Amino acid sequence: GQLDHTLVVITSDNGMPFPRAKANLYDLGSRMPLAIRWPKQDPGGWTVDDFVNLTDLAPTFLEVAGLAPPEAMTGRRLLNLLTFTKSGNVESGRDAVDTGRERHAWCRIDDEGYPARMIRTRHLPTRRMASRSI
């Protein structure tokens, strides 16, 4: 009976190892699957569309264990999303996600990296990638 009380999280590495995929800021390089199962608290049957970041997992795990996340943590707890009982958006402040790329590819002269930043929102331009480098 412990599985009913266990929070199970399944995710992956960042993107497929193909052109315009892994190690870039397009959706195929930054978007990752995330499935969470917590039967006792969340019977399932719906999909939450809010943007989350993997940094949100640490404060969530602490809170599920009955511990308060430290103020220094940048992630936001996911408990509201896990206990919501309808599909769609749950928290209004989860309408975008920031991500970046630092030194994953030595593609410049003298083996310099190519740092980049991105803000991903729900607004998809026609025939273009939704990610925007800044």
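So, how was this worked out
- Within any chain, residue numbers begin from 1 and follow the written order of that chain's sequence.
- The model is predicted, so local features are restricted to residues of pLDDT at least 70 and side-chain atom pairs to those at 80 or more, both for listing and for counting; the totals for chains, interfaces and linings are taken over all residues.
- Only heavy atoms go into the side-chain values, all of them from the structure, while hydrogens and water stay out.
- Where helices and strands are cited, they refer to DSSP runs of H or I of at least four residues and of E of at least two residues respectively, numbered from the N terminus.
- The contact criterion used throughout is that any non-hydrogen atoms of two residues lie within 4.5 Å.
- Calculation of accessible area relied on Shrake-Rupley with a 1.4 Å probe; when residues are assessed, cover is drawn exclusively from the protein chains displayed.
- Only protein chains enter the area calculation, which uses a 1.4 Å probe; residues under 20% of their type maximum are buried, those over 50% are exposed, and those in between are partly exposed.
- Note that the arc is defined by the directions from the helix axis to the C-beta atoms.
- Salt bridge, as used here: a side-chain nitrogen of Lys or Arg that lies within 4 Å of a carboxyl oxygen of Asp or Glu.
- Residues scored as positive are Lys and Arg, those scored as negative are Asp and Glu, and His as well as the terminal groups of each chain are ignored.
- Throughout this description, a polar contact denotes any pair of N or O atoms lying within 3.5 Å of each other; where both atoms belong to protein, one of them has to be capable of donating a hydrogen while the other can accept it, and for residues adjacent in sequence the pair is counted only when both atoms sit in side chains.

A. Local environment of the overall build of the chain. Check the secondary structure of the chain and you find three helices and five strands. The helix and strand sequence of the chain, counted from the amino end, reads β-α-β-α-α-β-β-β. A fraction of 48% describes how many contacts in the chain between residues 6 or more apart in sequence connect residues 24 or more apart. For the chain, the exposed area adds up to about 9600 Å²; of that, 54% sits on carbon and sulfur atoms.

B. Here's a closer look at the environment of Val48. Residue position: Val48 is located in the loop between strand 2 (34-37) and helix 2 (57-64). Taking relative accessible area as the criterion, Val48 reaches 28% and is therefore assigned partly exposed. Apart from the residues lying within four places of it in its own chain, the contact partners of Val48 are Leu81, Gly88 and Val90.

C. Quick peek at helix 2. Buried within helix 2 are the following residues: Leu57, Pro59 and Thr60. The buried side chains of helix 2 occupy one side of the element, clustering within an arc of 165° when seen end-on. Those residues of helix 2 hidden inside the fold are in contact with strand 1 (8-11) and helix 3 (79-83). One or two residues past the end of helix 2 sits Gly66, with phi positive at roughly 85°.

D. Here's a closer look at the pattern of salt bridges. Enumeration according to the criterion identifies four salt bridges in this entry. The closest approach of N and O atoms between Glu91 and Arg76, which form a salt bridge, is 3.1 Å. Of the two residues, Glu91 sits in the loop between helix 3 and strand 3 (96-101) while Arg76 sits in the loop between helix 2 and helix 3, which places them 15 residues apart along the sequence. Given a relative accessible area of 17%, Glu91 falls into the buried group. According to the relative accessible area criterion, Arg76 is partly exposed, its value standing at 37%. Between Arg94 and Glu91 there is a salt bridge; the shortest N-O distance is 2.9 Å. Taking the relative accessible area as the measure of exposure, Arg94 reaches 2% and is therefore buried.

E. Up close: the side chain of Asp50. Within the secondary structure, Asp50 is located in the loop between strand 2 and helix 2. Here Asp50 is buried and forms no salt bridge, its nearest opposite-charge partner Arg122 lying at an N-O distance of 4.8 Å. Within the structure, Asp50 has its side chain in polar contact with the backbone nitrogen of Val90 (distance 2.7 Å). Among the polar contacts listed, one links the side chain of Asp50 to the backbone nitrogen of Glu91, at a separation of 2.7 Å.

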